[in-house]
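Results of the structural survey
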Amino acid sequence: MGLKCGIVGLPNVGKSTLFNALTSAKALAANYPFATKDPNLGVITVPDTRLDKLEELVNPQKVIPTTVDIVDIAGLIKGASKGEGLGNQFLGNIRETDAILHVVRCFEDDNVVHVDGDVDPVRDKMIIDTELILKDIETVEKRVEKFRRTAKSGDKEAKRIVEVGEALLAHLESENPARSFDTSEEGEEVVQELMLLTSKPILYVCNVDIDSIEEGNEHTKAFRAAVADENAEVILISASIEADIAELETKEERAEFIEEMGLTEPGVNKVIRASYELLDLVTYFTAGEKEVRAWTITRGTKAPGAAGVIHTDFEKGFIRAEVIHYEDFVTYGSESGARDNGKLNVEGKEYVVQDGDVMHFRFNV
């Protein structure tokens, strides 16, 4: 798919620890600012119990889950929009991602230095928001200035770009992110072309102490209140616990540790699923004796496009798709069982693939 999430946050909030837990990539994580100087790229396996069920029913030779790319981006400080610290690099790396996982520190620990001296996740969020908004203001100002003279000469397209740009500037200057800018469909096209940092969808991850995973604490309560109007998901995890889970070798050891901690599943599973949804992705499956496999597509993809994820020839020579909804596959226990009960549908080029579809493509090259 090529889509990826970027993990952002101030230095020492737990970004790299979370990245390690998500990917088991062992990125540098240290107790000082700028431990992450270059972005670390990792691949996350997306947990999906449906894949386990299909494996149980089909008994294939191998099972292949789907994945999402994730980037651990250098920690940000005040002045990044003007190039302070690693600001230019940080902002450039964010621009290359499709969604943002914003990690904020919501735990007290005298042994872990905070770049601003004390723990305040709302302030930390505002620091990053401000830097992203300032950079976006700079981007929009350049765009508006480029088209202003042409607009004065009567060029309708230039005039539209300037009008939308000026309204967007006012929105940003009021300390609002571009993702909350309300405009017409034509205006939306103008905004998308700008590729603004604050237009990217966002997920907030509160890094808490062990005792605050379920109910949160005063820091998480204040943070939730601060982002209440953003319509963004907030997830609580303990990056230190996730790091301990990631170090365990076997599935059994991990399950035992999770149970001892009083958890139902690793916190990273919640983060991964939320990231997947944030990117507006869905999963379809192929299921046969050789392999059961999960495939990632963007929501709304039609059958030929979904086939193309497997191989470009499948899309070029697409004839039809044989589709069984996941629930029907499980109910009747197999492809043949679903077919015998009228639950295998033959779909053409206009079929929009649904999350959980079990598919087989017919093509001719």
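See above for the structure.
What you are looking at is a predicted structure, and each value in this text was computed from that prediction instead of being measured.

Structural notes on helix H1 (residues 15-23)
- In terms of burial, H1 is largely enclosed, as eight of its nine residues are buried.
- Looking only at H1, the buried set comprises Lys 15, Ser 16, Leu 18, Phe 19, Asn 20, Ala 21, Leu 22 and Thr 23.
- Among the residues trailing H1, Ser 24 stands out with phi positive, at a value near 55 degrees.

Digging into the pattern of salt bridges
- Under the definition given, this model contains 21 salt bridges.
- Between Lys 125 and Asp 129 there is a salt bridge; the shortest N-O distance is 2.3 Å. On the criterion of helical spacing, the pair formed by Lys 125 and Asp 129 is a turn pair, its members being four residues apart in helix H4 (residues 121-152). Summarising the burial analysis for this pair, Lys 125 and Asp 129 share the class buried.
- Two residues, Glu 230 and Lys 125, come together in a salt bridge whose shortest N-O distance is 2.9 Å. With Glu 230 in the loop between helix H7 (218-226) and strand S7 (234-237) and Lys 125 in helix H4, the pair connects residues that are 105 residues apart, well separated along the chain.

Regarding the sheet that holds strand S4 (residues 67-72)
- One open sheet holds the six strands; their spatial order is S2-S4-S1-S5-S6-S7, and the pairing between them is mixed. The sheet is open, and its two borders are formed by strand S2 (40-45) and S7, each paired with just one other strand. In this sheet, neighbouring strand axes are inclined to one another by 25 degrees on average, regardless of whether the strands run parallel or antiparallel.
- Bridging between strand S5 (residues 99-105) and strand S6 (residues 202-207) involves six bridges; their strand directions are parallel. Considered in S6, the bridge of Val 103 is made with Val 205.

Rules and cut-offs
- Each chain has its residues counted from 1, following the order in which its sequence is written.
- Under the rules for a predicted model, residues below a pLDDT of 70 receive no local features and side-chain atom pairs below 80 are neither given nor counted, while totals for whole chains, interfaces and linings still include all residues.
- In computing side-chain properties, one takes all heavy atoms of the structure into account and sets aside hydrogens as well as water.
- For each residue, the accessible area found with a 1.4 Å probe, counting protein chains only, is set against the maximum for its type, and the residue is called buried under 20%, exposed over 50%, and partly exposed in between.
- The secondary structure listing takes helices from DSSP runs of H or I that are at least 4 residues long and strands from runs of E that are at least 2 residues long, numbered from the N terminus.
- Salt bridges are defined as contacts in which a side-chain nitrogen from Lys or Arg sits within 4 Å of a carboxyl oxygen from Asp or Glu.
- When DSSP finds at least two bridges between two strands, those strands are taken to pair.
- Note on geometry: axes are C-alpha line fits, over the in-contact stretch for helices, and angles between N-to-C directions span 0 to 180 degrees.

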